[in-house]
Amino acid sequence: MEKLNGLRCRECGRHYAAAPIHVCEFCFGPLEVDYRYDVLKGVVTRESIAAGPPSMWRYKDLLPIEGDVAVGHHVGFTPLIRAQNLADELGCREIWVKNDSVCHPTWSFKDRVVAVAVTKAREFGFDTVACASTGNLANSVAAHAAEGRLKSYIFIPADLEQGKVLATLVYNPTLVAVHGTYDEVNRLCSEIADKYRWAFVNVNFRPYYSEGSKSHGFEIIEQLGWKTPGHIVVPCAGGSLITKIWKAIKELKTLGLIDGVSTKMHAAQALGCGPIVTMIKNDTDVLVPVRPSTIAKSLAIGNPADGYYAYKTAKESGGFGEHATDEEIVEGMLLLARTEGIFTETAGGVTVAAAKKLIERGVIPRDESIVLCITGNGLKTPDSLQDRLDAHVKIKPSLSAFDRALADLKSQTS
Amino acid sequence: MPVLVRIPTPLRPLTKGSAEIQAKGETVDSLIGDLERQYPGLKDRLLDEAGELRRFINIYVNQEDIRFLQAKKTALKDGDEVSIVPAIAGG
Ligand SMILES: Cc1ncc(COP(=O)(O)O)c(C=O)c1O
Ligand SMILES: [Zn+2]
(Lines give C-alpha, C1' and ligand atoms only; values in the text may rest on other atoms or scores of the structure.)
(Ligands and ions follow the chains in the order given, each with its own letter.)
Protein backbone atom coordinates (compact mmCIF):
# COMPACT_ATOMS: atom_id res chain seq x y z
CA MET A 1 0.00 0.00 0.00
CA GLU A 2 1.49 3.34 -1.10
CA LYS A 3 0.22 5.45 1.75
CA LEU A 4 2.84 8.21 1.95
CA ASN A 5 3.40 11.19 -0.29
CA GLY A 6 6.67 12.44 1.19
CA LEU A 7 6.64 15.60 3.25
CA ARG A 8 4.65 18.80 2.97
CA CYS A 9 5.21 22.27 4.46
CA ARG A 10 2.51 22.98 6.99
CA GLU A 11 2.57 26.68 6.12
CA CYS A 12 3.06 27.09 2.36
CA GLY A 13 2.19 23.56 1.20
CA ARG A 14 5.42 22.92 -0.77
CA HIS A 15 6.22 19.25 -1.29
CA TYR A 16 9.46 17.49 -0.41
CA ALA A 17 10.58 13.91 -0.98
CA ALA A 18 10.68 11.75 2.17
CA ALA A 19 14.04 12.54 3.82
CA PRO A 20 15.45 13.40 7.24
CA ILE A 21 14.59 17.08 6.94
CA HIS A 22 12.26 19.19 9.06
CA VAL A 23 11.94 22.75 7.77
CA CYS A 24 10.68 24.26 4.57
CA GLU A 25 13.52 25.92 2.71
CA PHE A 26 11.24 28.71 1.62
CA CYS A 27 9.23 29.78 4.62
CA PHE A 28 10.87 27.84 7.48
CA GLY A 29 7.51 26.27 8.27
CA PRO A 30 7.60 22.78 9.80
CA LEU A 31 7.36 19.83 7.41
CA GLU A 32 4.69 17.24 7.97
CA VAL A 33 4.24 13.72 6.70
CA ASP A 34 1.74 13.72 3.86
CA TYR A 35 -0.62 10.73 3.85
CA ARG A 36 -2.75 9.56 0.97
CA TYR A 37 -6.05 9.39 2.79
CA ASP A 38 -7.76 8.32 -0.43
CA VAL A 39 -5.68 5.13 -0.32
CA LEU A 40 -6.18 4.62 3.42
CA LYS A 41 -9.94 5.14 3.40
CA GLY A 42 -11.78 1.85 3.53
CA VAL A 43 -8.54 -0.06 4.21
CA VAL A 44 -8.09 1.24 7.76
CA THR A 45 -11.31 0.27 9.53
CA ARG A 46 -12.40 -0.27 13.13
CA GLU A 47 -12.08 -3.99 12.43
CA SER A 48 -8.61 -3.82 10.89
CA ILE A 49 -7.43 -1.84 13.91
CA ALA A 50 -9.04 -4.23 16.38
CA ALA A 51 -7.25 -7.10 14.64
CA GLY A 52 -3.86 -5.44 15.24
CA PRO A 53 -1.49 -5.96 18.17
CA PRO A 54 -2.26 -4.56 21.67
CA SER A 55 0.22 -1.73 21.18
CA MET A 56 0.45 1.59 19.32
CA TRP A 57 1.28 -0.43 16.20
CA ARG A 58 -2.40 -1.29 15.74
CA TYR A 59 -2.37 2.17 14.11
CA LYS A 60 0.76 1.54 12.04
CA ASP A 61 -1.10 2.34 8.81
CA LEU A 62 -1.59 5.87 10.15
CA LEU A 63 2.07 6.28 11.17
CA PRO A 64 4.97 7.12 8.82
CA ILE A 65 6.56 3.66 8.93
CA GLU A 66 6.87 1.77 5.68
CA GLY A 67 8.89 -1.32 6.63
CA ASP A 68 8.82 -3.39 9.80
CA VAL A 69 8.77 -1.89 13.26
CA ALA A 70 12.39 -1.90 14.49
CA VAL A 71 12.10 -1.03 18.19
CA GLY A 72 9.46 -0.51 20.85
CA HIS A 73 7.18 -3.35 19.79
CA HIS A 74 5.15 -3.10 22.99
CA VAL A 75 4.77 0.65 23.29
CA GLY A 76 1.31 2.07 23.86
CA PHE A 77 -2.26 0.80 24.14
CA THR A 78 -2.10 2.00 27.72
CA PRO A 79 -5.17 1.89 29.96
CA LEU A 80 -7.99 4.40 29.71
CA ILE A 81 -9.49 4.38 33.19
CA ARG A 82 -12.90 5.60 34.32
CA ALA A 83 -11.80 7.78 37.24
CA GLN A 84 -14.98 7.86 39.30
CA ASN A 85 -13.29 8.65 42.63
CA LEU A 86 -11.62 11.69 41.10
CA ALA A 87 -14.87 12.68 39.38
CA ASP A 88 -16.73 12.48 42.72
CA GLU A 89 -14.06 14.59 44.38
CA LEU A 90 -14.24 17.24 41.64
CA GLY A 91 -18.03 17.09 41.43
CA CYS A 92 -18.06 15.84 37.83
CA ARG A 93 -20.06 13.15 36.08
CA GLU A 94 -17.46 11.50 33.89
CA ILE A 95 -13.67 11.70 34.04
CA TRP A 96 -11.29 9.36 32.26
CA VAL A 97 -7.55 9.06 32.79
CA LYS A 98 -5.43 8.07 29.80
CA ASN A 99 -2.62 6.51 31.76
CA ASP A 100 0.65 6.79 29.85
CA SER A 101 2.56 6.73 33.13
CA VAL A 102 2.66 2.99 32.46
CA CYS A 103 3.75 3.26 28.84
CA HIS A 104 6.46 0.74 28.05
CA PRO A 105 9.47 0.80 28.28
CA THR A 106 10.31 4.13 29.96
CA TRP A 107 7.00 5.19 31.56
CA SER A 108 6.07 8.23 29.56
CA PHE A 109 4.24 8.92 26.30
CA LYS A 110 7.61 9.76 24.77
CA ASP A 111 8.05 6.06 24.03
CA ARG A 112 5.42 6.54 21.33
CA VAL A 113 7.30 9.25 19.46
CA VAL A 114 10.69 7.63 19.93
CA ALA A 115 9.58 4.19 18.71
CA VAL A 116 8.57 5.87 15.44
CA ALA A 117 11.67 8.08 15.20
CA VAL A 118 14.18 5.29 15.90
CA THR A 119 12.42 2.90 13.52
CA LYS A 120 12.55 5.65 10.89
CA ALA A 121 16.23 6.33 11.63
CA ARG A 122 16.93 2.69 10.86
CA GLU A 123 14.86 2.94 7.66
CA PHE A 124 17.01 5.88 6.53
CA GLY A 125 20.18 3.98 7.44
CA PHE A 126 21.48 6.06 10.37
CA ASP A 127 23.77 4.49 12.96
CA THR A 128 23.46 7.25 15.59
CA VAL A 129 20.42 8.83 17.19
CA ALA A 130 20.36 11.94 19.35
CA CYS A 131 17.99 14.32 21.13
CA ALA A 132 17.68 17.42 23.25
CA SER A 133 15.53 16.56 26.23
CA THR A 134 13.78 17.81 29.34
CA GLY A 135 14.13 14.25 30.70
CA ASN A 136 11.51 11.86 29.38
CA LEU A 137 12.73 11.97 25.82
CA ALA A 138 16.26 11.30 27.10
CA ASN A 139 15.12 8.12 28.88
CA SER A 140 13.24 6.92 25.86
CA VAL A 141 15.83 7.66 23.18
CA ALA A 142 18.57 6.01 25.24
CA ALA A 143 16.43 2.90 25.80
CA HIS A 144 15.28 2.47 22.21
CA ALA A 145 18.76 3.15 20.86
CA ALA A 146 20.04 0.36 23.09
CA GLU A 147 17.34 -1.96 21.80
CA GLY A 148 18.07 -1.01 18.19
CA ARG A 149 21.86 -1.28 18.68
CA LEU A 150 22.38 2.33 17.66
CA LYS A 151 24.74 4.84 19.23
CA SER A 152 23.06 7.67 21.07
CA TYR A 153 23.94 11.21 22.13
CA ILE A 154 21.60 12.74 24.66
CA PHE A 155 21.68 16.44 25.54
CA ILE A 156 19.98 17.64 28.74
CA PRO A 157 19.97 20.76 30.91
CA ALA A 158 22.49 20.12 33.71
CA ASP A 159 19.91 20.78 36.47
CA LEU A 160 17.62 17.88 35.51
CA GLU A 161 16.13 15.64 38.23
CA GLN A 162 18.51 12.88 39.36
CA GLY A 163 15.91 10.21 38.65
CA LYS A 164 15.74 11.18 35.01
CA VAL A 165 19.52 11.38 34.68
CA LEU A 166 19.97 7.88 36.13
CA ALA A 167 17.14 6.45 34.05
CA THR A 168 19.02 7.67 30.99
CA LEU A 169 22.57 6.71 31.96
CA VAL A 170 21.56 3.13 32.68
CA TYR A 171 21.21 2.48 28.92
CA ASN A 172 24.78 3.64 28.31
CA PRO A 173 24.30 6.53 25.89
CA THR A 174 26.71 9.45 25.65
CA LEU A 175 24.99 11.89 27.99
CA VAL A 176 25.90 15.55 27.58
CA ALA A 177 24.79 17.81 30.45
CA VAL A 178 24.65 21.40 29.23
CA HIS A 179 24.83 24.35 31.61
CA GLY A 180 21.76 26.19 30.42
CA THR A 181 18.00 26.00 30.01
CA TYR A 182 16.30 23.49 27.77
CA ASP A 183 15.85 26.18 25.16
CA GLU A 184 19.60 26.74 25.13
CA VAL A 185 20.21 23.01 24.83
CA ASN A 186 17.76 22.96 21.95
CA ARG A 187 19.45 25.80 20.09
CA LEU A 188 22.81 24.11 20.53
CA CYS A 189 21.38 20.83 19.23
CA SER A 190 19.98 22.50 16.18
CA GLU A 191 23.51 23.67 15.36
CA ILE A 192 25.00 20.26 16.16
CA ALA A 193 22.36 18.60 13.97
CA ASP A 194 23.49 20.78 11.09
CA LYS A 195 27.06 19.63 11.50
CA TYR A 196 26.91 15.91 12.33
CA ARG A 197 25.01 13.32 10.35
CA TRP A 198 22.91 11.97 13.19
CA ALA A 199 19.23 11.21 13.51
CA PHE A 200 18.17 13.93 15.96
CA VAL A 201 14.71 12.71 16.88
CA ASN A 202 13.37 16.17 17.68
CA VAL A 203 15.28 18.07 15.00
CA ASN A 204 15.75 16.49 11.58
CA PHE A 205 13.38 13.62 12.47
CA ARG A 206 10.69 15.84 13.89
CA PRO A 207 8.15 15.21 11.08
CA TYR A 208 8.25 11.45 11.79
CA TYR A 209 8.80 11.61 15.54
CA SER A 210 5.87 13.91 16.23
CA GLU A 211 3.44 11.63 14.38
CA GLY A 212 3.92 9.04 17.13
CA SER A 213 1.90 11.25 19.50
CA LYS A 214 -1.17 10.66 17.37
CA SER A 215 -1.40 7.12 18.78
CA HIS A 216 -2.24 8.56 22.22
CA GLY A 217 -5.25 10.22 20.61
CA PHE A 218 -6.31 7.22 18.49
CA GLU A 219 -6.30 5.03 21.58
CA ILE A 220 -8.48 7.42 23.59
CA ILE A 221 -11.14 7.37 20.88
CA GLU A 222 -11.01 3.61 20.29
CA GLN A 223 -11.11 2.92 24.04
CA LEU A 224 -14.16 5.14 24.41
CA GLY A 225 -15.90 2.88 21.90
CA TRP A 226 -15.13 5.10 18.90
CA LYS A 227 -16.70 8.12 20.54
CA THR A 228 -15.12 11.51 21.05
CA PRO A 229 -15.13 12.93 24.59
CA GLY A 230 -16.38 16.40 25.42
CA HIS A 231 -12.99 17.58 26.63
CA ILE A 232 -9.34 16.50 26.59
CA VAL A 233 -6.86 18.20 28.90
CA VAL A 234 -3.28 17.90 27.64
CA PRO A 235 0.01 18.91 29.27
CA CYS A 236 2.04 21.07 26.90
CA ALA A 237 5.77 21.67 26.56
CA GLY A 238 6.71 22.04 22.90
CA GLY A 239 3.01 21.90 22.04
CA SER A 240 3.28 18.87 19.79
CA LEU A 241 1.21 16.33 21.77
CA ILE A 242 -1.94 18.46 21.93
CA THR A 243 -1.61 19.31 18.24
CA LYS A 244 -1.21 15.66 17.26
CA ILE A 245 -4.07 14.36 19.42
CA TRP A 246 -6.28 16.84 17.62
CA LYS A 247 -4.87 15.73 14.27
CA ALA A 248 -5.54 12.08 15.20
CA ILE A 249 -9.19 12.82 15.95
CA LYS A 250 -9.59 14.67 12.66
CA GLU A 251 -7.93 11.81 10.75
CA LEU A 252 -10.41 9.34 12.24
CA LYS A 253 -13.18 11.59 10.98
CA THR A 254 -11.58 11.83 7.51
CA LEU A 255 -11.36 8.03 7.36
CA GLY A 256 -14.98 7.67 8.42
CA LEU A 257 -14.18 5.85 11.69
CA ILE A 258 -16.09 8.39 13.77
CA ASP A 259 -19.06 10.55 12.90
CA GLY A 260 -18.68 14.00 14.35
CA VAL A 261 -16.01 15.74 16.36
CA SER A 262 -17.13 17.92 19.25
CA THR A 263 -14.10 17.57 21.52
CA LYS A 264 -12.64 20.69 23.08
CA MET A 265 -8.86 20.56 23.53
CA HIS A 266 -7.47 22.29 26.62
CA ALA A 267 -3.81 23.10 27.24
CA ALA A 268 -2.24 22.63 30.70
CA GLN A 269 1.04 24.34 31.63
CA ALA A 270 2.92 25.46 34.71
CA LEU A 271 2.61 29.09 35.74
CA GLY A 272 6.41 29.24 35.77
CA CYS A 273 6.54 28.19 32.12
CA GLY A 274 3.24 28.68 30.38
CA PRO A 275 3.74 30.59 27.12
CA ILE A 276 1.13 28.54 25.24
CA VAL A 277 -1.58 29.01 27.86
CA THR A 278 -0.68 32.71 27.95
CA MET A 279 -1.34 32.90 24.18
CA ILE A 280 -4.71 31.23 24.71
CA LYS A 281 -5.66 33.50 27.60
CA ASN A 282 -4.58 36.64 25.72
CA ASP A 283 -6.08 35.30 22.48
CA THR A 284 -3.00 36.07 20.40
CA ASP A 285 -1.12 33.88 17.96
CA VAL A 286 2.17 35.59 18.79
CA LEU A 287 4.26 33.58 21.20
CA VAL A 288 6.29 35.45 23.79
CA PRO A 289 9.10 33.18 24.99
CA VAL A 290 9.75 32.86 28.73
CA ARG A 291 12.58 31.73 30.97
CA PRO A 292 11.21 28.67 32.75
CA SER A 293 11.01 28.46 36.53
CA THR A 294 8.89 25.51 37.65
CA ILE A 295 9.12 22.10 39.30
CA ALA A 296 7.49 20.66 36.16
CA LYS A 297 10.82 20.31 34.41
CA SER A 298 9.53 17.94 31.75
CA LEU A 299 7.31 20.80 30.56
CA ALA A 300 9.93 23.55 30.94
CA ILE A 301 10.18 24.71 27.34
CA GLY A 302 10.09 28.50 27.18
CA ASN A 303 10.17 28.72 23.40
CA PRO A 304 7.85 25.95 22.19
CA ALA A 305 8.25 25.14 18.49
CA ASP A 306 4.60 24.10 18.14
CA GLY A 307 3.26 26.84 20.40
CA TYR A 308 1.45 28.45 17.50
CA TYR A 309 -0.24 25.19 16.52
CA ALA A 310 -1.10 24.33 20.12
CA TYR A 311 -2.79 27.72 20.43
CA LYS A 312 -4.66 27.13 17.17
CA THR A 313 -5.75 23.67 18.35
CA ALA A 314 -7.31 25.06 21.53
CA LYS A 315 -8.92 27.87 19.58
CA GLU A 316 -10.23 25.79 16.68
CA SER A 317 -11.70 23.13 18.96
CA GLY A 318 -13.28 25.65 21.29
CA GLY A 319 -11.07 24.67 24.21
CA PHE A 320 -9.08 26.84 26.57
CA GLY A 321 -6.04 26.54 28.83
CA GLU A 322 -4.92 26.96 32.41
CA HIS A 323 -1.71 27.55 34.38
CA ALA A 324 -0.81 25.68 37.58
CA THR A 325 1.46 26.98 40.34
CA ASP A 326 4.12 24.68 41.80
CA GLU A 327 1.95 24.21 44.88
CA GLU A 328 -1.06 23.30 42.73
CA ILE A 329 1.08 20.86 40.72
CA VAL A 330 2.04 18.97 43.89
CA GLU A 331 -1.62 19.02 45.04
CA GLY A 332 -2.61 17.64 41.64
CA MET A 333 -0.14 14.76 41.92
CA LEU A 334 -1.37 13.96 45.42
CA LEU A 335 -5.03 14.19 44.39
CA LEU A 336 -4.64 11.69 41.55
CA ALA A 337 -2.66 9.32 43.77
CA ARG A 338 -5.15 9.56 46.65
CA THR A 339 -8.27 9.13 44.53
CA GLU A 340 -7.20 6.78 41.75
CA GLY A 341 -4.02 5.10 42.93
CA ILE A 342 -2.02 6.57 40.07
CA PHE A 343 1.35 8.13 40.79
CA THR A 344 2.19 10.61 38.05
CA GLU A 345 5.12 12.93 37.64
CA THR A 346 4.91 16.71 37.82
CA ALA A 347 3.55 16.95 34.25
CA GLY A 348 0.53 14.88 35.35
CA GLY A 349 0.17 17.16 38.36
CA VAL A 350 -0.05 20.08 35.95
CA THR A 351 -2.81 18.34 34.00
CA VAL A 352 -4.88 17.48 37.06
CA ALA A 353 -4.43 20.96 38.56
CA ALA A 354 -5.31 22.73 35.31
CA ALA A 355 -8.36 20.51 34.79
CA LYS A 356 -9.54 21.21 38.34
CA LYS A 357 -9.31 24.96 37.75
CA LEU A 358 -11.07 24.75 34.38
CA ILE A 359 -13.88 22.77 36.03
CA GLU A 360 -14.14 25.15 38.98
CA ARG A 361 -14.27 28.16 36.67
CA GLY A 362 -17.04 26.56 34.65
CA VAL A 363 -14.97 26.42 31.44
CA ILE A 364 -15.44 22.63 31.52
CA PRO A 365 -19.07 21.87 32.47
CA ARG A 366 -19.40 19.27 35.25
CA ASP A 367 -21.82 17.10 33.28
CA GLU A 368 -19.64 16.63 30.19
CA SER A 369 -17.09 13.85 29.63
CA ILE A 370 -13.47 14.76 30.34
CA VAL A 371 -10.26 12.92 29.47
CA LEU A 372 -7.06 13.77 31.36
CA CYS A 373 -3.81 12.91 29.60
CA ILE A 374 -1.47 11.56 32.25
CA THR A 375 1.77 11.30 30.36
CA GLY A 376 4.56 10.34 32.76
CA ASN A 377 5.37 8.28 35.87
CA GLY A 378 5.74 9.70 39.38
CA LEU A 379 8.77 7.64 40.31
CA LYS A 380 10.75 9.78 37.88
CA THR A 381 10.28 12.97 39.89
CA PRO A 382 10.22 11.95 43.57
CA ASP A 383 12.22 15.10 44.44
CA SER A 384 9.11 17.21 43.95
CA LEU A 385 7.38 15.47 46.87
CA GLN A 386 10.35 15.07 49.19
CA ASP A 387 9.38 17.88 51.56
CA ARG A 388 5.70 17.02 51.47
CA LEU A 389 5.58 13.41 52.53
CA ASP A 390 6.90 11.59 55.57
CA ALA A 391 6.10 8.38 57.45
CA HIS A 392 3.23 8.93 59.88
CA VAL A 393 4.39 6.50 62.49
CA LYS A 394 7.93 5.69 63.56
CA ILE A 395 8.20 3.01 66.24
CA LYS A 396 10.36 0.33 67.80
CA PRO A 397 9.55 -3.22 66.65
CA SER A 398 7.13 -4.04 69.48
CA LEU A 399 3.39 -4.58 69.50
CA SER A 400 2.85 -2.32 72.50
CA ALA A 401 4.70 0.51 70.72
CA PHE A 402 2.38 0.08 67.77
CA ASP A 403 -0.73 -0.01 69.99
CA ARG A 404 0.30 3.28 71.59
CA ALA A 405 1.07 4.89 68.23
CA LEU A 406 -2.27 3.79 66.83
CA ALA A 407 -4.13 5.18 69.83
CA ASP A 408 -2.26 8.48 69.36
CA LEU A 409 -3.15 8.59 65.68
CA LYS A 410 -6.81 7.95 66.42
CA SER A 411 -6.97 10.65 69.04
CA GLN A 412 -5.36 13.10 66.59
CA THR A 413 -7.88 12.43 63.85
CA SER A 414 -11.00 12.23 66.05
CA MET B 1 30.94 46.04 12.80
CA PRO B 2 31.95 42.66 11.39
CA VAL B 3 30.00 39.89 13.08
CA LEU B 4 29.97 36.16 12.49
CA VAL B 5 26.64 34.84 11.20
CA ARG B 6 25.80 31.13 11.38
CA ILE B 7 23.61 29.97 8.52
CA PRO B 8 21.32 26.94 8.97
CA THR B 9 21.17 24.23 6.32
CA PRO B 10 17.92 25.38 4.64
CA LEU B 11 19.53 28.77 3.81
CA ARG B 12 22.89 27.50 2.62
CA PRO B 13 21.86 27.18 -1.02
CA LEU B 14 21.72 30.99 -0.92
CA THR B 15 25.16 31.39 0.67
CA LYS B 16 26.85 29.08 -1.84
CA GLY B 17 27.03 26.42 0.84
CA SER B 18 28.73 28.54 3.52
CA ALA B 19 27.74 27.69 7.10
CA GLU B 20 29.39 30.80 8.54
CA ILE B 21 29.67 34.20 6.94
CA GLN B 22 30.91 37.66 7.95
CA ALA B 23 28.48 40.56 7.78
CA LYS B 24 28.09 44.10 9.11
CA GLY B 25 25.38 45.99 10.93
CA GLU B 26 24.70 48.31 13.85
CA THR B 27 21.61 46.31 14.69
CA VAL B 28 20.06 42.98 13.72
CA ASP B 29 17.84 44.85 11.30
CA SER B 30 20.74 46.48 9.45
CA LEU B 31 22.63 43.19 9.55
CA ILE B 32 19.77 41.59 7.62
CA GLY B 33 20.14 44.43 5.09
CA ASP B 34 23.82 43.61 4.66
CA LEU B 35 23.07 39.89 4.32
CA GLU B 36 20.64 40.75 1.52
CA ARG B 37 23.33 42.84 -0.28
CA GLN B 38 25.80 39.97 -0.09
CA TYR B 39 23.35 37.16 -0.76
CA PRO B 40 20.27 38.44 -2.61
CA GLY B 41 17.11 36.62 -1.60
CA LEU B 42 18.12 35.97 1.99
CA LYS B 43 15.98 38.75 3.42
CA ASP B 44 12.78 37.33 1.98
CA ARG B 45 13.52 34.08 3.68
CA LEU B 46 13.96 35.74 7.06
CA LEU B 47 11.23 38.36 6.99
CA ASP B 48 7.58 38.08 6.01
CA GLU B 49 5.64 40.49 3.78
CA ALA B 50 5.14 42.87 6.69
CA GLY B 51 8.89 42.96 7.37
CA GLU B 52 8.53 40.96 10.57
CA LEU B 53 10.74 38.01 11.43
CA ARG B 54 9.04 34.86 10.17
CA ARG B 55 7.17 32.87 12.82
CA PHE B 56 9.38 29.79 12.69
CA ILE B 57 12.79 31.48 12.73
CA ASN B 58 14.71 32.38 15.84
CA ILE B 59 17.69 34.73 15.85
CA TYR B 60 20.26 34.65 18.63
CA VAL B 61 22.96 37.20 19.42
CA ASN B 62 25.73 35.58 21.43
CA GLN B 63 23.44 32.68 22.35
CA GLU B 64 20.60 34.98 23.50
CA ASP B 65 17.19 34.94 21.78
CA ILE B 66 16.70 38.48 20.45
CA ARG B 67 13.14 38.43 21.76
CA PHE B 68 14.75 38.68 25.23
CA LEU B 69 16.83 41.63 23.95
CA GLN B 70 15.56 44.44 21.72
CA ALA B 71 14.29 42.15 18.96
CA LYS B 72 15.36 43.46 15.53
CA LYS B 73 16.67 46.65 17.14
CA THR B 74 19.21 44.67 19.19
CA ALA B 75 22.58 46.42 18.86
CA LEU B 76 25.61 44.55 17.55
CA LYS B 77 29.30 45.10 18.16
CA ASP B 78 32.54 43.79 16.68
CA GLY B 79 33.02 40.09 17.21
CA ASP B 80 29.41 39.28 18.09
CA GLU B 81 28.07 35.93 16.95
CA VAL B 82 24.64 35.73 15.39
CA SER B 83 22.84 32.42 14.88
CA ILE B 84 19.82 31.91 12.67
CA VAL B 85 17.98 28.84 13.89
CA PRO B 86 14.72 27.25 12.75
CA ALA B 87 12.27 26.40 15.54
CA ILE B 88 12.66 22.82 16.74
CA ALA B 89 10.49 20.49 18.77
CA GLY B 90 11.37 18.98 22.08
CA GLY B 91 10.55 17.23 25.29
C1 LIG C 1 5.56 13.82 30.66
C2 LIG C 1 5.37 14.79 29.54
N3 LIG C 1 4.13 15.20 29.26
C4 LIG C 1 3.88 16.08 28.27
C5 LIG C 1 4.90 16.62 27.50
C6 LIG C 1 4.55 17.64 26.44
O7 LIG C 1 4.73 17.26 25.16
P8 LIG C 1 4.92 18.29 23.96
O9 LIG C 1 6.34 18.74 24.03
O10 LIG C 1 4.62 17.48 22.77
O11 LIG C 1 3.97 19.43 24.19
C12 LIG C 1 6.20 16.19 27.74
C13 LIG C 1 7.27 16.68 26.85
O14 LIG C 1 8.23 17.11 27.02
C15 LIG C 1 6.45 15.27 28.79
O16 LIG C 1 7.69 14.86 29.07
ZN1 LIG D 1 6.91 26.43 3.44
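Preceding this paragraph is the structure being described.
The notes below deal with the structure included here.

Definitions and limits used
Residues numbered from 1 in each chain as written. Chains lettered and ligands numbered in written order. Predicted model: local features only at pLDDT ≥ 70, side-chain atom pairs only at ≥ 80, totals over all residues. Heavy atoms only, no water. Helix = DSSP H or I, 4+ residues; strand = E, 2+ residues; numbered from the N terminus. Rg over C-alpha atoms; globule rule 2.2 N^0.38 Å. Pairing = 2+ DSSP bridges.

### As for the overall build of chain B
Helix and strand counts for chain B stand at two helices and five strands. Along chain B, helices (α) and strands (β) appear in the sequence β-β-α-α-β-β-β when read from the amino end. Its C-alpha atoms give chain B a radius of gyration of 12 Å, near enough to 12 Å, the size a compact globule of 91 residues would have. C-alpha atoms of chain B, sized along the principal axes, occupy 35 × 30 × 25 Å.

### Describing the sheet that holds strand β3 (residues 57-61) of chain B
Residue and element names in this part refer to chain B. Sheet architecture is open: five strands sit in the order β2-β1-β5-β3-β4, paired in mixed fashion. The open sheet is flanked by β2 (20-24) and β4 (64-65), the only strands paired with a single partner. Pairing geometry for β3 and β4, over two bridges, is antiparallel. In the strand pairing of β4, Tyr-60 is matched with Asp-65.

### A word on the sheet that holds strand β9 (residues 199-200) of chain A
Residue and element names in this part refer to chain A. Pairing is parallel across the open sheet formed by four strands, whose spatial order is β8-β7-β6-β9. The sheet terminates laterally at β8 (174-178) and β9, the two strands that pair on one side only. As judged from the five bridges shared by strand β7 (residues 151-157) and β8, these two strands associate in the parallel manner. Looking at β8, one finds that Tyr-153 is bridged to Thr-174.

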